[in-house]
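# Residue-level structure breakdown
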Amino acid sequence: MQFNNAINYMFPLLANTTQAADSSLVLAAVLLSLVVVYFASKLGGELSNRVGLPPVLGELVGGVVVGVSVLHLLVFPEGGADSSSSLIMAFLQTTAGLTPEATPAVFTAQSEVISVLAELGVIILLFEIGLESNLKDLMAVGIQAIVVAVVGVTVPFAAGTVGLMTLFGIDAVPAIFAGAALTATSIGITSKVLSELGKLNSKEGQIILGAAVIDDVLGIIVLAVVASLAKDGAVDVSKVIYLIISASGFLLGAIVLGNVFNKAFVAIADILKTRGGLVIPAFIFAFVMAYLAAIIQLEAILGAFAAGLVLEETDKRIELQKQVCPIADILVPIFFVTVGAKTDLSVLNPAIPDNREGLVMATFLITVAIIGKVITGLSVFGQPQINRLAIGVGMIPRGEVGLVFAGVGAASGALSKPLGAAIIMMVILTTFLAPPLLRFVFPDSDDGTNDSGQLILDASTEKPLAIETSSSVVSTAGDSGNVS
């Protein structure tokens, strides 16, 4: 009971609901929810990995299966569900003596705890991405990758936002949020396919991988701006300008801070001799940065990403990445499964007339998502023999970055059910379509001008670490594995 009372003390927002019921039942409900989350994430991730797709996509689909769309094991009140639709609540009533009168309070408290853990998971995810984004390599990718990245962000964003507002009458803020989700690029699966084709170390592969790293940075800035707008529910041009400047300045300031803070951080870590001497100071720094971002009206995840960028420059980077991974393995799946669980795909059922607009909206987003990235290849200049179509196709998959947009949008309340489901469908289909399309746009045989390389993946994250060729090992960095 002391532990349960401590939970109520640390989370005062939950105190009113937990006091209305036995707090041990709230803890039991949370534990059962975590069992469902981890089972769904592991089963979905393993099945997805076996068919050559990113495990995170399996975690999302697993969340859809256990959530409001299918099994109703993990449901949330913000999605319109109540305690009577939760199988976990029914199980507790049968096995733990939960009374019908106390069920709504326990259900609300359980949902809030899982939502808080999911938000913590996305903060850890962005911190981890920052740790894997090498700034030196980012600066060295060249003008081609920068141009591809900028075009790959602006074209889908503009087309998606304007299209939703003019064709479907969507309000500005949700339309901007959906347009922002179209900007994301997650390149892990593209890296695998390029490796299999022997094109990872080609000019096309280098441009794709470099552009994906820049896409991550630009996408996170866009997300911070859009999520801040969603809190107000209206678009103020002066505030948009302020948010763009402050988000960019925050990241640049973090980079400058890194040059001063790195040595101090390493010195502190060397002094500490107890367990967690490296990872605890790192998380203190990450959470402080997340807090600072939040109080200047940006998103906490931007601060966590900036903290990762700073600590990536330290001598402790590799050791810190290894220590962060197990923590991310515990918290990040909660975020992805929760995103899937909150997504009600029934709103896209064409058999119901009211749902057909949502299905058309999903089709529109998928079309813009594909075309908006494919045309980025046309922005490559000074390379007459390069495969521009392959570059554009390589930028198509959204993966976990797109899911971050969907999750933050759903949590902010900016997205309607049909629009949120349409974004999820866009993420799933673009990720599924990328591998076969890449194999189609590249020729079957190597013409000898490209050095065939084998991709070396991180064992825990499955992200690219290096390209092993016949003569050398080329290091990679970032979410995409940027070639250096």
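See the structure shown above.
How each quantity is defined
Residues numbered from 1 in each chain as written. Predicted model: local features only at pLDDT ≥ 70, side-chain atom pairs only at ≥ 80, totals over all residues. Heavy atoms only, no water. Axes fitted to C-alpha atoms, helices over the stretch in contact; angles between N-to-C directions. Helix = DSSP H or I, 4+ residues; strand = E, 2+ residues; numbered from the N terminus. Left-handed = near helix turned anticlockwise from the far one by under 90°. Contact = heavy atoms within 4.5 Å. Nonpolar A, V, L, I, M, F, W, Y, C, P; charged D, E, K, R; others polar. Expected span 1.5 Å × (residues − 1). Bend = angle between axes of the 7 residues up to and from the residue. Core = buried A, V, L, I, M, F, W, Y, C linked by side-chain atoms within 4.5 Å. Buried < 20%, exposed > 50% of the residue type's maximum accessible area, 1.4 Å probe, protein only. Salt bridge = Lys/Arg side-chain N within 4 Å of Asp/Glu carboxyl O. Phe/Tyr/Trp six-rings, centres within 6.5 Å; stacked < 30°, edge-to-face > 60°. Lys NZ or Arg CZ within 6 Å of the ring centre and 35° of its normal.

Our focus in this paragraph is the packing of helix α8 (residues 143-167) against helix α9 (residues 172-181). Taken N-terminus to C-terminus, the directions of α8 and α9 make an angle of 145°; their axes are 8 Å apart at the nearest point. In this structure, α8 meets α9 at a crossing whose hand is right-handed. Only A172, A175, I176, A178, G179 and A180 of α9 make contact with α8, whose side of the interface consists of P156, F157, G160, T161, L164 and M165. Looking at the contact of α8 with α9 residue by residue, the class counts come to 9 nonpolar, 3 polar and no charged.

This part takes up helix α15 (residues 317-342). For α15, with 26 residues, the first-to-last C-alpha span of 35 Å sits near the 38 Å given by 1.5 Å per residue. Along α15, the largest kink reaches about 40° and is centred on A328.

Here we come to the nonpolar core. Generally speaking, soluble globular proteins have nonpolar side chains that are buried together. Counting residues in each nonpolar core, the largest one holds 123 residues, and the members touching the most others are F127 and L164. Top contributing element to this core by residue count: helix α6 (residues 103-131), with 14 residues. In terms of nonpolar packing, the next biggest core, distinct from the first, is built from 19 residues, A145, V380, L438 and F442 among them.

Along α9, 9 of the 10 residues are buried, which leaves the element largely enclosed by surrounding structure. Turning to α9, its buried residues are V173, P174, A175, I176, F177, A178, G179, A180 and A181.

On to the environment of L120. Within the secondary structure, L120 sits in helix α6. Of the residues examined, L120 reaches a relative accessible area of 30% and is grouped as partly exposed. Through-space distance from the C-alpha of L120 to that of F287 is 9.9 Å; in sequence the pair is 167 residues apart.

Applying the stated criterion across every chain yields a total of 4 salt bridges. Here K417 makes a salt bridge to D344, at a shortest N to O gap of 4.0 Å. With K417 in helix α19 (residues 417-441) and D344 in the loop between α15 and α16 (356-374), this residue pair connects regions lying 73 residues apart in the sequence. Of the residues examined, D344 reaches a relative accessible area of 14% and is grouped as buried.

Another aspect to go through is the packing of aromatic side chains. In total, this model carries 4 aromatic pairs according to the counting rule given. Considering the side-chain rings of F283 and F287, the 5.7 Å spacing of their centres and the 25° angle between planes classify their relative orientation as stacked. With a gap of 4 residues between them, F283 and F287 both fall in helix α13 (residues 279-295), about one helical turn apart. On the basis of relative accessibility, which here comes to 8%, the residue F283 falls in the buried class. Note that K342 overlies the ring of F76, its terminal NZ or CZ placed 4.8 Å from the centroid.

For V75, the position within the fold is in the loop between α4 (55-66) and α5 (87-95). For V75, a relative accessible area of 2% translates into the label buried. Counting along the chain gives 32 residues from V75 to F107, while the straight-line C-alpha distance between them is 9.2 Å. Setting aside residues up to four positions removed in sequence, V75 forms contacts with G67, V68, A81, S85, S86, F107 and S111.

Secondary-structure assignment places S86 in the loop between α4 and α5. Excluding residues within four positions of it along the chain, S86 makes contact with H72, L73, V75 and F107.

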